[in-house]
Amino acid sequence: MSALRDRPALQGAMFIVALFALWELASALGWLRVFQFPPPSRIAEALWELAVSGFPEGVRIWTHAAVTIARILQGFLLAMITAIPIGLVIGRAPLLDAATLPIITFARSVATLSLLPLAIVWFGIGELSKVMLIAYGCFWVMLTNTIAAVKYVDPVLIRAARTMDVDGARLFTQVILPAAAPRLLAGARVALGVGFMVIVGAEMIGTIRGLGALIMEARNFYRTDISIVGMVALGLLGIGLTAGLAWLERVLLPWNTGLASVRR
Amino acid sequence: MRPWIELRGVTKRYDGDAARAPVLLDIDLNVAENEFVTLVGRSGCGKTTLLNIVAGLVEASSGEVKVDGARVTGPGRGKGVVFQQHALFPWLTARRNIEFGASSRGLDAAAARNEADQLLALVRLSEFGEKYPNQLSGGMQQRVAIARALALDPQLLLMDEPFGALDEITRIEMQEELLRVWSSRRKTVLFVTHSITEALMLSDRIVVMRANPGGIAAEYRIDRPRPRNRSDAALAALHEQLWTQLR
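Predicted model only: the values in this text are computed from it and were never measured. (Residues numbered from 1 in each chain as written. Chains lettered and ligands numbered in written order. Predicted model: local features only at pLDDT ≥ 70, side-chain atom pairs only at ≥ 80, totals over all residues.)

A.B. asks: Kindly report on the overall build of chain B, identifying the contributing residues and their values.
C.D. replies: Tallying secondary structure elements over chain B gives 7 helices and 10 strands in all. In terms of overall size, chain B behaves like a compact globule, its C-alpha atoms giving a radius of gyration of 18 Å where 247 residues would be expected to give roughly 18 Å. Judged by the C-alpha coordinates and their principal axes, chain B covers about 50 × 45 × 35 Å. By residue count, 45% of the 247 residues in chain B fall in the buried class. (Helix = DSSP H or I, 4+ residues; strand = E, 2+ residues; numbered from the N terminus. Rg over C-alpha atoms; globule rule 2.2 N^0.38 Å. Buried ≥ 20, exposed ≤ 12 C-beta atoms within 10 Å, placed from the backbone.)

A.B. asks: For the overall build of chain A, give the residues involved together with the corresponding values.
C.D. replies: Helix and strand counts for chain A stand at 12 helices and 0 strands. Secondary structure elements of chain A, listed N to C terminal, follow the sequence α-α-α-α-α-α-α-α-α-α-α-α. Taking the principal axes of the C-alpha coordinates as reference, chain A spans close to 75 × 60 × 30 Å. Per-residue burial for chain A yields a buried fraction of 31% across its 264 residues. Sequence separation of 24 or more characterises 71% of the internal contacts of chain A that already satisfy a separation of 6 or more. (Contact = placed C-beta atoms within 7 Å.)

A.B. asks: Residues and numbers for the sheet that holds strand 9 (residues 205-210) of chain B, please.
C.D. replies: Whether parallel or antiparallel, the strands of a sheet pair through hydrogen bonds between backbone atoms. Residue and element names in this part refer to chain B. What the 6 strands build is an open sheet, ordered 6-7-8-3-9-10; its pairing is mixed. Edge strands, defined here as strands with exactly one partner in the open sheet, are strand 6 (79-82) and strand 10 (215-221). Strand-to-strand twist of the sheet, defined as the mean angle between neighbouring strand axes without regard to direction, takes the value 20°. Sheet topology note: the strand 6/strand 7 (residues 156-160) ladder contains 4 bridges and is parallel. Considered in strand 7, the bridge of G80 is made with L157. Sitting on the sheet, helix 4 (residues 138-151) touches strand 6 and strand 7, and the angle it makes with strand 6 is about 170°. (Pairing = 2+ DSSP bridges. Axes fitted to C-alpha atoms, helices over the stretch in contact; angles between N-to-C directions.)

A.B. asks: Tell me what's going on with the domain arrangement of chain A, and back it up with residues and numbers.
C.D. replies: Residue and element names in this part refer to chain A. Assigned domains of chain A: these are domain 1 (8-37) and domain 2 (38-253). Placing the centre of domain 1 and that of domain 2 at their C-alpha centroids yields a distance of 33 Å. The interface is formed by 8 residues belonging to domain 1 together with 7 residues belonging to domain 2. When its residues are assigned to classes, the side of domain 1 that touches domain 2 shows 5 nonpolar, 2 polar and 1 charged. (Domains from an automatic or database assignment. Nonpolar A, V, L, I, M, F, W, Y, C, P; charged D, E, K, R; others polar.)

A.B. asks: Quick rundown of the pairing of strand 10 of chain B? Include the residues and the values.
C.D. replies: All names here are of chain B. Bridge count between strand 9 and strand 10: 6 bridges; the pairing is antiparallel. If you follow M209 over to strand 10, its bridge partner there is I216. Taken together, strand 9 and the strand that follows it, strand 10, pair antiparallel across an intervening segment of 4 residues, in which N212 is found at a positive phi of about 50°.

A.B. asks: Tell me what's going on with the confidence of the model for chain A, and back it up with residues and numbers.
C.D. replies: All names here are of chain A. Here chain A averages 90 in pLDDT, while 95% of its residues score no lower than 70. Across chain A, the secondary-structure element scoring lowest on mean pLDDT is helix 12 (residues 259-262), at 42, and the one scoring highest is helix 4 (residues 61-92), at 96. Segment residues 258-264: pLDDT under 50, and 4 contacts once partners within four positions in sequence are set aside and those in other chains are kept. (pLDDT = per-residue confidence, 0-100.)

A.B. asks: Please provide a residue-by-residue account of the domain arrangement of chain B, values included.
C.D. replies: Residue and element names in this part refer to chain B. Its domain assignment divides chain B into domain 1 (5-78 + 156-246) and domain 2 (88-153). Computed from C-alpha coordinates alone, the two centres of domain 1 and domain 2 are separated by 25 Å. Taken together, the contact pairs 13 residues of domain 1 with 9 residues of domain 2. Take the side of domain 1 that touches domain 2: its biggest share by element is 7 residues, from helix 5 (residues 168-184).

A.B. asks: Hey, could you go over the packing of helix 10 (residues 211-220) of chain A against helix 11 (residues 224-252) of chain A for me, with residue numbers and the actual values?
C.D. replies: Residue and element names in this part refer to chain A. Viewed as axis vectors pointing N to C, helix 10 and helix 11 meet at an angle of 165°, and their least axial separation amounts to 8 Å. Taken as axis vectors, helix 10 and helix 11 run roughly antiparallel relative to one another. Judged by the twist between their axes, the crossing of helix 10 over helix 11 is left-handed. Only I226, S227, G230, M231, A233 and L234 of helix 11 make contact with helix 10, whose side of the interface consists of L211, L214, I215, A218 and R219. (Parallel < 35°, antiparallel > 145°, perpendicular 65-115°, else oblique. Left-handed = near helix turned anticlockwise from the far one by under 90°.)

A.B. asks: Describe the environment of A243 of chain A, with residues and values.
C.D. replies: Of note, A243 of chain A is situated in helix 11. Between the C-alpha atoms of A243 of chain A and R189 of chain A, which are 54 residues apart in sequence, the distance is 9.7 Å.

A.B. asks: Explain the interface of chain B and chain A to me, using residue names and the numbers behind them.
C.D. replies: Quoted interface sizes are often the accessible area lost when the parts come together. Each partner contributes to the interface: chain B provides 22 residues, whereas chain A provides 16 residues. Elements with a contribution of two residues or more to the side of chain B that touches chain A: strand 6 and helix 2 (94-104) of chain B. The class makeup of the residues in the side of chain B that touches chain A is 12 nonpolar, 8 polar and 2 charged.

A.B. asks: Could you give an account of the confidence of the model for chain B, with specific residues and numbers?
C.D. replies: Of all residues in chain B, 98% have pLDDT values of 70 or greater, and the mean over the chain is 91. Per the prediction output, this complex has pTM 0.84; the corresponding ipTM is 0.89.

A.B. asks: Which residues make up the packing of helix 4 of chain A against helix 5 (residues 94-109) of chain A, and what values go with them?
C.D. replies: All names here are of chain A. Following both chains from N to C, one finds helix 4 and helix 5 inclined at 115°, their axes separated by 5 Å at the closest point. Every residue of helix 5 that contacts helix 4 at V89, I90 and G91 is listed here: L96, D97 and T100. Of the residues contributing to the contact of helix 4 with helix 5, the split by class is 3 nonpolar, 2 polar and 1 charged.

A.B. asks: Describe the nonpolar core, and please don't skip the residues or the numbers.
C.D. replies: Judged by nonpolar contacts, the single largest core of 124 residues is most densely connected at I134, C138 and M142 of chain A together with V54 of chain B. A per-element tally of this core places helix 7 (residues 127-151) of chain A first, with 15 residues. Apart from residues no more than four positions distant in its own chain, V54 of chain B is found in contact with I5, V65, V67, V72, L158 and L190 of chain B. (Core = buried A, V, L, I, M, F, W, Y, C linked by C-beta atoms within 7 Å.)

A.B. asks: Residue-level account of helix 9 (residues 168-202) of chain A, with values.
C.D. replies: Its 35 residues give helix 9 of chain A an end-to-end C-alpha distance of only 42 Å, which falls more than 12% under 51 Å, the value for a rise of 1.5 Å per residue. Approximately 45° is the largest bend angle found in helix 9 of chain A, and it occurs at A181 of chain A, with the proline P182 of chain A only one to four residues beyond. (Expected span 1.5 Å × (residues − 1). Bend = angle between axes of the 7 residues up to and from the residue.)

A.B. asks: Provide a residue-level description of the sheet that holds strand 1 (residues 5-12) of chain B, including the pertinent values.
C.D. replies: Ordered by their spatial adjacency, 4 strands build an open sheet running 2-1-4-5 (chain B), and the pairing between neighbours is antiparallel. Here the strands that pair on one side only, and so sit at the sheet edges, are strand 2 (24-31) and strand 5 (70-71) of chain B.

Structure representation (structure tokens):
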């Protein structure tokens with residue numbers, strides 16, 4: 001037993017297996033209604049159906065996932081390439097920061113999905129409005145994080161740079177940007193999370209492809225099992241993309257990782 | 001001999017604070033070339049502000065500040081600064097931090113690398129050049145910071161409580177280290193500390209400051225040869241005198 005106690009991953013896995021078994025049993029005994037809580041066996045069948053024939057017929061899970069990833073990444077990247085430069089400028093200009101704060105707070109507080117009707121009017125019901133909605137959600141989060149990243153660069157680093165005759169553009173590229181990088185990447189991670197929150201709603205309109213569309217379509221056919229597959233797939237994609245960003249962070253900022261473990 | 005640092009009637013008050021006593025009032029101070037001068041005083045006496053004024057990081061409200069005969073108009077230009085926090089760039093290795101200083105005074109990449117090698121050896125960190133600041137101990141970080149300031153090849157080294165955050169033993173080692181470095185690369189040094197012992201071990205001259213308003217209370221010249229002995233009777237007597245002055 002002591003070997004088991006030392007392996008938290010194994011314990012976690014066993015707990016999940018036990019939970020699934022209990023869930024399956026509860027359905028078989030009629031304690032849980034299959035429509036409300038489809039048992040694991042039913043969900044596995046739905047996954048098989050999605051992998052082989054697709055839902056709706058012909059649109060397989062891989063297509064749904066690929067379409068969703070493409071939309072999230074396009075919106076996310078669009079937000080990055082606009083929010084980062086704007087945020088860098090605002091963060092270095094206290095006047096501009098004060099002037100834009102109310103607008104930014106307002107725009108951030110508008111729930112992205114409430115813009116859905118407007119997005120349809122402006123960008124139609126095609127890919128563009130989905131990508132733009134995701135970009136909108138990611139943009140404000142990234143913008144606030146970029147501004148904060150620049151504003152809170154340790155002033156002693158800037159003083160030290162000035163004693164070395166470093167000023168102007170060189171100060172910006174060689175000191176402020178690298179010093180802000182960890183917060184920028186942390187902001188990117190939060191923004192990506194927002195992209196995942198927006199996608200399901202954004203895929204409610206004019207499409208049968210994408211995990212969000214899958215979840216909505218399944219609802220119309222009372223297929224809770226398929227909804228759950230879509231939900232789980234989204235969660236797994238989220239884990240995957242976030243891990244990708246974490247990897248990027250380790251590559252770009254080797255000095256910023258595992259400080260606690262290397263500190264003497 | 002012309003002094004290296006010349007302060008004439010330097011006063012500093014912060015804006016909108018006319019009611020309070022100025023941080024510094026009418027300071028006159030000369031520091032000779034290659035002299036090691038320490039500013040000692042309690043917190044709030046303006047010693048760090050005075051150092052920052054000489055560094056060009058803070059502007060005096062009135063008075064004249066000259067380094068090497070030229071008015072100080074800003075930081076840089078031959079004035080190396082070591083801060084209480086190491087202020088190293090965490091994204092650069094120890095070596096790259098020192099190279100950053102060296103290339104700031106116009107050395108090309110090869111020359112900067114060579115200079116970093118020499119300075120790493122001087123502060124006895126040749127083995128640690130590829131480590132990031134966060135992988136170094138507090139004493140090592142401060143040695144790299146000193147090396148980075150020296151890489152500017154400044155005539156003047158300004159040190160603002162550089163060993164203030166270190167433990168007692170490391171602090172004593174760092175004092176010895178600094179004297180060793182200073183003896184191989186002579187500079188004019190203005191050093192801020194609140195430790196009387198540190199001032200006694202290091203300086204040619206100790207300037208005692210008082211607060212409200214910040215000013216110079218007394219000066220003591222120390223002619224004992226270095227390295228100094230902590231139990232030296234003359235220093236002990238001076239310690240007593242400084243202690244009475246400061247409390």
